[in-house]
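Descriptive analysis of the structure
Residue strings, one per chain:
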Amino acid sequence: MKYRKNKIKTEHSIIKGLRRFLEDNISDLDNVTGIIPGEIKVGRATGENLAVSYKYSTRSGAKLIARSGTSVQEVFVITKNPEELKELIELLGK
């Protein structure tokens, strides 16, 4: 596909540290067929470190929220097993 690399759609910008996180932890999962970073918004919280959290399951997989500095980005993951992804995100967050 034209804008995909390691299952990650790269047509738009990705916040600092998120691409490496997705490549290292999520794109290698067998059940994951695609990762689509969404719009970048400005949040109120500050902090330099990347934090990724599981938001909810969707019809095609799951929605994650990534925060880095004052930037917030939605990430949609296409997967047949969103529970496995949720467990992984919770484990990585500890």
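See the structure printed just above.
For the structure given in this document, a descriptive report is provided here.

Cut-offs applied
Per chain, residue numbering runs from 1 following the sequence as it is written. The model is predicted, so local features are restricted to residues of pLDDT at least 70 and side-chain atom pairs to those at 80 or more, both for listing and for counting; the totals for chains, interfaces and linings are taken over all residues. To get the side-chain values, all heavy atoms of the structure are used, and hydrogens and water are removed first. The way it works is that DSSP assigns letters per residue, a run of H or I at least four long becomes a helix, a run of E at least two long becomes a strand, and they are numbered from the N terminus. For the radius of gyration, the atom set is restricted to C-alpha positions; the globular benchmark scales as 2.2 Å times the number of residues to the power 0.38. In what follows, residue pairs with any heavy atoms lying within 4.5 Å of each other are defined as contacts. Contacts described as polar in this section are N or O atom pairs within 3.5 Å, which, within protein, must combine one atom able to donate a hydrogen with one able to accept it, while residues neighboring in sequence count only if both atoms come from side chains. Working definition of a nonpolar core: buried Ala, Val, Leu, Ile, Met, Phe, Trp, Tyr and Cys residues. They are joined through side-chain atoms within 4.5 Å. Residue burial is assigned from relative accessible area. The probe radius is 1.4 Å, only protein chains are included, and a residue is buried under 20% of its type maximum, exposed over 50%, and partly exposed in between. Axis definition: a line fitted to C-alpha atoms, over the contacting stretch in the case of helices. Angles run 0 to 180 degrees between N-to-C directions. Orientation categories follow fixed angle ranges, with anything under 35 degrees roughly parallel, anything over 145 roughly antiparallel, 65 to 115 roughly perpendicular, and all other angles oblique. Less than a right angle of anticlockwise turn of the near helix away from the far helix marks a crossing as left-handed, whereas a clockwise turn marks it as right-handed. Three classes are used: nonpolar for Ala, Val, Leu, Ile, Met, Phe, Trp, Tyr, Cys and Pro, charged for Asp, Glu, Lys and Arg, and polar for all others, with Gly counted as polar. One side-chain nitrogen of Lys or Arg within 4 Å of one carboxyl oxygen of Asp or Glu is enough to make a salt bridge.

Attention shifts here to the overall build of the protein. Regarding its fold elements, the protein presents 2 helices and 6 strands. Beginning at the N terminus, the succession of helices and strands in the protein can be written as β-β-α-β-β-β-β-α. Its C-alpha radius of gyration of 12 Å places the protein within 12% of the 12 Å reference for a compact globule of 94 residues. On the principal axes, the C-alpha backbone points of the protein span a range of 35 × 30 × 25 Å. Taking as baseline every contact in the protein between residues at least 6 positions apart, the subset at least 24 positions apart corresponds to 57%.

Within the secondary structure, Lys-63 sits in strand S5 (residues 61-68). A distance of 2.9 Å separates the side chain of Lys-63 from the side chain of Glu-74, its partner in a polar contact. Setting aside residues no more than four positions away along its own chain, Lys-63 makes contact with Tyr-54, Lys-55, Tyr-56, Thr-58, Glu-74, Val-75 and Phe-76.

This part takes up the nonpolar core. Counting residues in each nonpolar core, the largest one holds 20 residues, and the members touching the most others are Leu-18, Leu-22, Ile-26, Leu-64, Leu-85 and Ile-89. Every residue in contact with Leu-18, bar those within four places of it in the chain, is listed here: Leu-50, Val-52, Ala-66, Gln-73 and Val-75.

This paragraph deals with the packing of helix H1 (residues 18-26) against helix H2 (residues 82-93). It is the contact of H1 with H2, at a shortest axis distance of 12 Å, that shows an interaxial angle of 120 degrees. Here H1 lies oblique to H2, going by the angle between them. Read as a crossing pair, H1 and H2 show a hand that is right-handed. When H1 is examined against H2, the residues Phe-21, Asn-25 and Ile-26 are found in contact with a partner set consisting of Leu-85, Leu-88, Ile-89 and Leu-92. Residue composition of the contact of H1 with H2, by class: 6 nonpolar, 1 polar and no charged.

When the charged atoms of two side chains with opposite charge come close together, those side chains can pair. All chains considered together, the criterion is met by 2 salt bridges. Asp-24 serves as the salt-bridge partner of Arg-20, at 4.0 Å between the closest nitrogen and oxygen. One end of the pair is Arg-20 and the other is Asp-24, both in helix H1 and 4 residues apart, which spans about a single turn. The partner of Lys-63 in a salt bridge is Glu-74, with the nearest N and O atoms 2.9 Å apart. Of this pair, Lys-63 sits in strand S5 while Glu-74 sits in strand S6 (residues 71-79); the two residues are 11 residues apart in sequence, bridging distant segments of the chain.

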